[in-house]
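Here's the letter readout for the chains.
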Amino acid sequence: MTIYCDESGGLNAGAMTFSAVMLTPDTASEIHERFRGVTGLRGELKGSRISLVERAYLLELFDRAGGRAWVAVAERDKLAHNPGGTLPSDLALYAALLNLAIGRWLPETGGVCTDVVIDDGRYDPKILAHVREEIQAGLGQWGRASLADSRRSDGVQIADVIANSLFNITIGSPRAHRIQRILDPMLASKAIRIAELTHVS
């Protein structure tokens, strides 16, 4: 299995979400290919660009294929209640969310070798290389951490849609209510689970 990772939002937007999606590469490719074949989507699949109906269809394909995800969520207002009221940097928050999401997965892998693929688009490559090294150290012999261009990774694009869905819900966007309705069955079945981050050390 592979864990595909992507984030959505940021402190300036009120919240950041980080999804860690577990799929086999073949399953991720099949979901993506089917979605594009039905919707006619061209270009990169991103949660911020697709309609609610397209989002519902993609998430249904994900659920039907047995996909699962941990999504780490941080709200700016809750983080501001920490002692001193200081907010973490964007990078520190990103790293904390990544560690939380991956940390929830590792005990569930049963020691099976698991690769972690992280979107390389948010930060400078040197910074992300350091993040990748930290994740690799945490994985040990369990798997391999790598960076990927989201435009060339089916799994990372699916992770983007899931992260964006939880971002919309967390900030209460105009589409939040309908996205919540889409996600409710997957949250109830625990195909998608949420881990709340309230403190960054």
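Structure: above.
Residues numbered from 1 in each chain as written. Predicted model: local features only at pLDDT ≥ 70, side-chain atom pairs only at ≥ 80, totals over all residues. Heavy atoms only, no water.

For this particular structure, what's the right way to read helix 7 (residues 176-189)?
Because an α-helix packs 3.6 residues into every turn, residues spaced three or four apart end up facing the same way. In a regular helix each residue adds 1.5 Å, so 14 residues correspond to 20 Å; helix 7 covers 20 Å between its end C-alpha atoms and thus fits that length. At Leu-183, helix 7 is bent by approximately 45°, the largest bend along its length, and proline Pro-185 sits one to four residues beyond. Where helix 7 is concerned, the buried positions are Ala-176, Ile-179, Ile-182, Leu-183 and Met-186. Of the residues one or two after helix 7, Lys-190 is the one with positive phi, at around 65°. (Helix = DSSP H or I, 4+ residues; strand = E, 2+ residues; numbered from the N terminus. Expected span 1.5 Å × (residues − 1). Bend = angle between axes of the 7 residues up to and from the residue. Buried < 20%, exposed > 50% of the residue type's maximum accessible area, 1.4 Å probe, protein only.)

Looking at this structure, I do not really get the sheet that holds strand 4 (residues 115-119). What am I missing?
By way of backbone hydrogen bonds, the strands of a sheet pair with one another, either parallel or antiparallel. Spatial ordering of the open sheet is given by 5-4-1-2-3-6, a layout of six strands whose pairing is mixed. Two strands bound the open sheet, and with one partner strand each, they are strand 5 (145-148) and strand 6 (192-196). On average, adjacent strands in this sheet sit at an angle of 20° to one another, irrespective of strand direction. Packed onto the sheet, helix 4 (residues 90-105) meets strand 1 (2-10), strand 2 (15-23), strand 3 (68-75), strand 4 and strand 6 and runs at close to 35° relative to strand 2. Against the sheet, helix 6 (residues 154-171) touches strand 1, strand 2, strand 3, strand 4 and strand 6, its axis set at about 40° to strand 1. (Pairing = 2+ DSSP bridges. Axes fitted to C-alpha atoms, helices over the stretch in contact; angles between N-to-C directions. Contact = heavy atoms within 4.5 Å.)

When you look at the pairing of strand 4 in this model, what are you seeing that I'm missing?
A regular strand places its side chains on the two faces of the sheet in alternate fashion. Counting buried positions over the five residues of strand 4 gives four, a clear majority of the element. In the sheet, strand 1 pairs with strand 4 via four bridges, with the strands oriented parallel. When the bridges of strand 4 are listed, Tyr-4 appears paired with Val-117. Taken together, the four bridges between strand 4 and strand 5 define a ladder with parallel strand orientation. Considered in strand 5, the bridge of Val-116 is made with Ala-145.

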